[in-house]
Amino acid sequence: ISDLHLSIFQDSERVTEFQEFCDLTLKIIKPLVVLATGDLTDAKQKDTIGSKQFEEEWIKYRNVLNKCDTLQNVKWLDIRGNHDNFDVPGVNSYRNFFRTYSMQGKSHLRSYIEILTQGTDKYAFIGMDACPEQGLKRPFNFVGIVQDNQLKELKDMNIKAENEANYTLWFGHYPTSCILSHKPGVRPIIGSGHHSLAYLCGHFHSMLGFVPNMYTIQQDGFLELELADWKDNRMFRLAAVDHGLFSFIDIKHRDWPIILITNPKHALYQLYDKEPIEAISESTHIRILVFSPNTILAVRIKLDDGIWETCVQSDREHVYLHEWDPQRYGPGIHHIQASISYEVGREKSVTQPFSVDGSRMKFGVVPRLLLMLNFSVSLQMLFGFATVLSVLPLCFLRFMKQKLLVSVLINGKVNSWVRRLWILANIDKIFVPIVLYPLYMAAGPWAVGELIDGYIGVIFIWGIFVNGSYVPGSFTYGYAFVQLFLFQGPLVVSTAYALDKRLQLSNNGGLINSMVKLKTFFRNLPFLILFFSQMGMAYTFWLAYGTIALVLGPIRLWPLFLTLWAWYHASRMPLRKIRIAAVPWIEVNDSTGSYNSIGAFSS
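If you're wondering where the values come from, they're calculated on a predicted model, not measured in any experiment.

Conventions and cut-offs
Residues numbered from 1 in each chain as written. Predicted model: local features only at pLDDT ≥ 70, side-chain atom pairs only at ≥ 80, totals over all residues. Heavy atoms only, no water. 1 Å grid on protein atoms, 1.4 Å probe; cavity = no way out; pocket = protein on both sides within 12 Å on 5 of 7 lines; lining within 4 Å. Points joined across faces, edges and corners; volume = space filled by probe spheres on them. Helix = DSSP H or I, 4+ residues; strand = E, 2+ residues; numbered from the N terminus. Domains from an automatic or database assignment. Nonpolar A, V, L, I, M, F, W, Y, C, P; charged D, E, K, R; others polar. Phe/Tyr/Trp six-rings, centres within 6.5 Å; stacked < 30°, edge-to-face > 60°. Buried < 20%, exposed > 50% of the residue type's maximum accessible area, 1.4 Å probe, protein only. Lys NZ or Arg CZ within 6 Å of the ring centre and 35° of its normal. Pairing = 2+ DSSP bridges. Salt bridge = Lys/Arg side-chain N within 4 Å of Asp/Glu carboxyl O. Contact = heavy atoms within 4.5 Å. pLDDT = per-residue confidence, 0-100. Buried area = accessible area lost by both parts, 1.4 Å probe. Polar contact = N/O pair within 3.5 Å; in protein donor to acceptor, adjacent residues only side chain to side chain.

K.L.:
In this structure, what is going on with empty space enclosed by the protein? I would like to understand it.
P.N.:
Think of a ball as big as a water molecule: rolled over the atoms, this probe shows where empty space is left. The tally for this structure, following the rule as stated, stands at one cavity of 30 Å³ or more. Each pocket or cavity is described by its volume, and for the largest cavity that value is around 130 Å³. Lining the largest cavity are 16 residues; nearest its centre among them are F140, V143, V471, P472 and S474. Contributing elements (two or more residues each) for the lining of the largest cavity: β24 (469-472) and α13 (475-506). Two domains each put at least three residues into the lining of the largest cavity: domain 1 (1-252) and domain 3 (374-591).

Structure representation (structure tokens):
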């Protein structure tokens, strides 16, 4: 289970249904262990922007677990997420309520290993805490960090698991794509264990539901499985190991009965280097796990287009069996369908692909990208591209020779936009501040303020200094990319358009006064929208980090002044200066005989 986000302000049903999950669902399933992979509490202010740790939320979390009688026989392993680390200046801080109220916090402040026994098998569970040592307030607390000493600890845990357990499952809050570390990184450590089957995580919330089933097999050979949140979707995952084969299913709370086909295993999730895949072709029985609060009347299965056949319950509770001959199912992908009848006239079924010969299936492109790319490097590349796009075209037009301009002229709309950008690029009072803003974002300090309550810090795009520590920049690059996309681009376009339209209106004296006013309104409207949108962004920044960070925050104040500056000069600059900036363009058009939409004028 992941991303509980228990809150004292939002959606009280999260707590009551979480209690129901512990009291009813766990009582029926009776798992060996429950893994709670972070964001146990919400830690957001009532306005949902500001962030801090609320002890009441942690008390709610612990009270639910204390009331759950099932946990006397079930191991509960929890780990911190970024929300559990908001506004926490170190693991030993009194604000680190995970240490006080979680099940594992008193024994394990950070990453840890637990080895549990079921039957003759031993299972190692390695919890990876990638929370930064300095828990910044949101939004710059999105990416996990694993320091070199923590990498060494994880290696030691992996060696212990290899020596003492039959199977190893890793769990943590952050997907591996969202964890900063020095080489070799966390993926090779997880994958180096021959017994390491999967890494279970949360954090991405299935991208607000747009990317369900966010699963992949990493190049290091292990499954990485992101779980949709409990917060809004009430999802949890049931996993099982059957004769060395790892199977799982994600379930919505109260969606009964739960059906998990463990043999034959789902073809998409086969781990050829870590699992005994031949166990499928050598098996004698189909095996299905079924859990329900209601009486199960019948469990039936159908293979491909065959007939429905009834399974029998084994001597183990919740396990249903049916004899089969896997050799009857040749190369390629086949399908097994399981149907459960319960109560009177009610039925639920699931379908699962499988292969006997080891035929493979492919994961979706988007889940693979989100889980396999390096999140930090991707954001850096986006920001770099946006910065180049914001600066180079204007610089190119400003310093381009007239002869070169002749060769790039294009008739139509593209030509008109080149002209508009040319005019902007050749007006110093507008060009200089507009080009300097993205360059400053890449180098200068963004803000100075209380990034953690009681601790003043400085934000740069490449890193954050607070409480005597350095937090490498990562999400900052994404924040800057969005800022350039939503502000810098629209500002350049709006300013260039306004300058050009003023010039055209000045040479078109035949327009009636009402038409001039209407055109002036629409010319100024983008500046109004930009200004108020940036006001909203400044307000959210103030809610997040306070007054000092806003006052000493060029990242948020400068866009307001820059919008007003560009708006004023685009509207009030003497027409003579705009015409001077446009003269080279007109001369080139005249020499080439191109259509001149500005018209003839004198400077």
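So that's the structure; there's more coming.
K.L.:
Which parts of the structure should I look at to understand the layout of surface pockets?
P.N.:
Size it by volume and the largest pocket reaches roughly 1200 Å³. Sorting the residues of the lining of the largest pocket by element identifies α1 (13-29), β1 (33-37), β4 (121-128), β6 (167-172), β8 (196-201), β11 (235-242), β14 (285-291) and β18 (319-323) as the ones contributing at least two each. Within the lining of the largest pocket, the residues separate by chemical class into 26 nonpolar, eight polar and seven charged. By volume, the second largest pocket is sized at about 940 Å³. For the lining of the second largest pocket, the elements supplying multiple residues, two or more each, are α6 (205-208), α9 (375-399), α13 and α14 (513-551).

K.L.:
Where do I start with the packing of aromatic side chains in this structure?
P.N.:
Aromatic rings considered in pairs are described by the distance between their centres and by the relative angle of their planes. Summed over the entire model, instances satisfying the criterion amount to 39 aromatic pairs. When the centroid spacing of 6.1 Å and the interplanar angle of 65° are considered together, the rings of F383 and Y477 count as edge-to-face. Of this pair, F383 sits in helix α9 while Y477 is found in helix α13, placing the two residues 94 residues apart along the sequence. A residue is classified by how much of its surface remains accessible, and F383, at 6% relative accessible area, is buried. The class for Y477 is buried, based on a relative accessible area of 13%. In this structure an aromatic cluster arises from ring pairing among F18, F21, W58, Y61, W76, F98, W230 and F236. Directly above the aromatic system of W417 lies the positively charged group of R420, at a separation of 4.6 Å from the ring centroid.

K.L.:
Where do I start with the sheet that holds strand β17 (residues 312-313) in this structure?
P.N.:
Across a sheet, paired strands are connected by hydrogen bonds in the backbone, their directions being either parallel or antiparallel. The four strands lie next to each other as β13-β14-β18-β17, forming an open sheet whose pairing is antiparallel. Single-partner strands in this sheet number two, and they are β13 (258-263) and β17. In this structure, β13 lies alongside β14, joined through five bridges in antiparallel fashion. Paired with I258 across the two strands is F291, which belongs to β14.

K.L.:
How do you make sense of the pattern of salt bridges when you look at a structure like this?
P.N.:
It is possible for side chains bearing opposite charge to pair when their charged atoms get close. Inspection of every chain in the model, using the stated rule, returns 21 salt bridges. A salt bridge links E133 to R110; the shortest N-O distance between them is 3.5 Å. With a gap of 23 residues between them, E133 in the loop between β4 and β5 (144-145) and R110 in the loop between α3 (98-101) and β3 (112-118) connect regions that are remote in the sequence. The exposure class assigned to E133 is partly exposed, which follows from its relative accessible area of 39%.

K.L.:
Just to check I follow, could you spell out the sheet that holds strand β19 (residues 334-342) for this structure?
P.N.:
If you trace the four strands from one edge of the open sheet to the other, you get β16-β15-β19-β20, paired in antiparallel fashion. The open sheet terminates on both sides in strands that have one partner only, identified here as β16 (309-310) and β20 (346-354). With two bridges joining them, strand β15 (residues 296-303) and β16 adopt antiparallel strand pairing. Looking across to β16, one finds that I301 is bridged to E309.

K.L.:
Help me understand unusual backbone geometry in this model?
P.N.:
Each neighbour pair has its own omega, and for R138 with P139 the value is 15°, a cis peptide bond. Take P139: it is sitting in the loop between β4 and β5. That bond from K183 to P184 is cis: its omega, 10°, falls within 30 degrees of zero. Following the sequence through the fold, P184 ends up in the loop between β7 (179-180) and α5 (186-192). Within the chain, S206 stands out as a residue other than glycine whose phi angle is a positive 55°. The residue S206 is located in helix α6 in this model.

K.L.:
I'm lost on the environment of M214 in this one. Help?
P.N.:
Following the sequence through the fold, M214 ends up in the loop between α6 and β9 (215-217). In sequence terms M214 and L370 are 156 residues apart; their C-alpha atoms lie 8.1 Å from each other. Residues within four places of M214 in sequence aside, it is in contact with F204, S206, M207, E224, L225, E226, P367, L370 and L371.

K.L.:
Is there a simple way to think about the confidence of the model for the protein in this case?
P.N.:
As a note on interpretation, predicted positions should not be read in detail where pLDDT is low. On average, residues of the protein carry a pLDDT of 91, and 92% of them reach 70 or more. Overall, residues 593-603 carries pLDDT values under 50, and its contacts beyond four positions in sequence, including any with other chains, amount to 22 contacts.

K.L.:
Is there a simple way to explain the domain arrangement of the protein in this structure?
P.N.:
Interface extent is often summarised as the accessible area lost during association of the parts. As far as domains go, the protein holds domain 1 (1-252), domain 2 (256-364) and domain 3 (374-591). At the interface, 20 residues of domain 1 touch 26 residues of domain 3. Buried surface at the junction of domain 1 and domain 3, both sides included, amounts to about 2100 Å², of which 70% is carbon and sulfur. Viewed at the interface, domain 3 and domain 1 are joined by one salt bridge. With a shortest N-O distance of 2.9 Å, K137 and D453 are connected by a salt bridge. For the pair domain 1 and domain 3, the number of links is ten residue pairs in polar contact (both at pLDDT 80 or more). The residue makeup of the side of domain 1 that touches domain 3, split by class, is eleven nonpolar, four polar and five charged.

K.L.:
I would appreciate a short explanation of the environment of F460 in the present structure.
P.N.:
As for its placement among the helices and strands, F460 is situated in strand β22 (residues 455-460). Judged by relative accessible area, which is 15%, F460 ranks as buried. Along the backbone, F460 and Y440 are 20 residues apart, and their C-alpha atoms lie at a distance of 10.0 Å. Setting aside chain neighbours within four positions, we find F460 in contact with A443, G444, P445, F465 and T476.

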